[in-house]
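# Structural features, examined
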Amino acid sequence: MQIFKEKQPLIDTLLSYKSAGEIVGLVPTMGALHDGHLSLVQQALQECDRVVVSIFVNPTQFDNPKDLEMYPRTLDQDIELLKQAQDDIIVFAPNANELYGKKVASEHFDFQGLEKVMEGKYRNAHFDGVGTVIKLFFTIIKPDKAFFGEKDFQQLQIIRKLTEILELPVEIVGCPILREESGLARSSRNERLSSLHREKAAFIYETLIKSKQLFGTKSADYVTEWVKNEFQNYPFLKLEYFEIADIQNLKRVNRKREGAQYRAFIAAYADDIRLIDNMPLNN
Ligand code: PAF
């Protein structure tokens, strides 16, 4: 396994692979790797000749300093897990100054409204931070393909928009959500849940499934009210938002349109731990 903490040696190494015609894939992560990340890595290994996994807790995408401070940092364990997956994975784990230079700050992007809804409404400037760090990774690594989980579906669509705006020749691959046995979407944050909350958080998935069934015959407004009511009667979680949106523009649906693709999106708190999930509503 090759581990790079500095960008120039990584750039030089990748250049030699690329000039030999190899396809380079990137799996960007913030570490604390779990099966969800490993499924992205597996998909990248299947589709690419070389796979770079970046491990970097990106400070500019956190609007809450406590959340940044509490974010798990488990580099040695992450490297072990990746070694077990495949010994020739390339790890890029820079520090903030190596990646950003002296000024660790976000660039501002216009993602044409995708950044204003849902996560963007509740997490100030979050997507400017994500856009900035992904632009840096794409500029340094110049991957042919980059792999992102559909669990952060809004992020996935924003990164697609980023590559369109910057005209970057990278294919963005969305990978399906991996779930715990209970249905709870895999996330590094799940490790911070009490065992009670971890069990009770499966309610998010159960509610998404029922919303999908209801959306077959009812309006988006009806389903949204139904979900709010369900959460009001459920003492273990606090709903932040539930929205049914068109996957292209992420705008909330008023009237269903023939041929459009919809998803339901949820954010909820279990204690002080924020969980998100989503589900396609078309079959
Ligand atoms: O999804 C994440 O873990 C992060 O937002 C990402 C894409 C690695 C950027 O820091």
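Just so you know, these numbers come straight off a predicted model, no measurement behind them.

## Looking at the overall build of the protein
When its secondary structure is counted, the protein shows 11 helices and nine strands. Here the C-alpha atoms of the protein give a radius of gyration of 19 Å, agreeing with the 19 Å that 2.2 N^0.38 yields for 283 residues. For the protein, the spread of C-alpha atoms along the principal axes amounts to about 55 × 40 × 35 Å. For the protein, the residues scored as buried account for 51% of the 283 residues in total. Considering only contacts within the protein whose residues lie at least 6 apart along the sequence, 71% involve residues at least 24 apart. Looking at the protein as shown, the accessible area adds up to about 13,900 Å², and 47% of this sits on carbon and sulfur atoms. Charged side chains in the protein number 36 positive and 41 negative. The centres of these two groups are separated by 5 Å.

## Comments concerning the site of the ligand
Inspection of the region around the ligand gives P28, T29, M30, N58, Q61, V133, I134, F148, D152 and Q155 as its neighbouring residues. Contacts to the ligand include Q61, whose side-chain N or O atom sits 2.6 Å from an oxygen atom. Against a free-state accessible area of 290 Å², the protein chains account for coverage of 88% of the ligand. Every element with two or more residues in the shell around the ligand is listed here: β2 (24–29) and α7 (126–141). Within the shell around the ligand, the residues separate by chemical class into five nonpolar, four polar and one charged.

## Describing unusual backbone geometry
Here the phi dihedral of Q112 falls at roughly 55°; this positive angle occurs in a residue that is not glycine. Here Q112 is to be found in the loop between α5 (96–100) and α6 (119–122). Exposure remark for Q112: the relative accessible area of 53% places this residue in the exposed category.

## Brief notes about the UniProt feature "binding site: (R)-pantoate" (unreviewed entry) in the protein
In the numbering used here, UniProt assigns the "binding site: (R)-pantoate" (unreviewed entry) feature to Q61 and Q155. Look at the named residues: they lie 95 residues apart in sequence, but the longest C-alpha span between them is just 11.5 Å, so in the fold they bunch up. If you trace the backbone, Q61 turns up in the loop between β3 (50–55) and α3 (65–70). By relative accessible area, Q61 is classed as buried at 10%.

Reading guide: rules and limits
- Chains are numbered independently. Their residues run from 1 in the order of the written sequence.
- Note on the predicted model: pLDDT of at least 70 is required for a residue's local features to be given, and 80 or more for side-chain atom pairs to be given and counted; whole-chain, interface and lining totals, by contrast, use all residues.
- To get the side-chain values, take all heavy atoms of the structure and skip hydrogens and water.
- Counting from the N terminus, the helices are the DSSP runs of H or I reaching at least four residues and the strands are the DSSP runs of E reaching at least two.
- Restricting the calculation to C-alpha atoms gives the radius of gyration, and the globule rule supplies 2.2 Å times the number of residues raised to the power 0.38.
- Exposure classes here rest on a 1.4 Å probe applied to the protein chains alone. A residue is buried below 20% of its type maximum, exposed above 50%, and partly exposed in between.
- Any two residues whose heavy atoms approach within 4.5 Å at even a single point are treated as in contact.
- Using a 1.4 Å probe, the Shrake-Rupley method yields the accessible areas, and only the shown protein chains count as cover for residues.
- We count Lys and Arg on the positive side and Asp and Glu on the negative side, and we leave His and both chain ends out.
- Where a charge lies is defined by one atom per residue type: Lys uses NZ, Arg uses CZ, Asp uses CG and Glu uses CD.
- Here a residue counts as near a molecule or strand whenever at least one of its heavy atoms sits within 4 Å of it.
- We call two N or O atoms a polar contact when they sit within 3.5 Å, provided that within protein one can donate a hydrogen and the other can accept it, with sequence-adjacent residues counted only if both atoms are side-chain atoms.
- Each residue is assigned to one of three groups, with Ala, Val, Leu, Ile, Met, Phe, Trp, Tyr, Cys and Pro labelled nonpolar, Asp, Glu, Lys and Arg labelled charged, and all others, Gly among them, labelled polar.
- UniProt positions are given in the numbering used here, feature names are shortened, and annotations may be inferred rather than shown by experiment.

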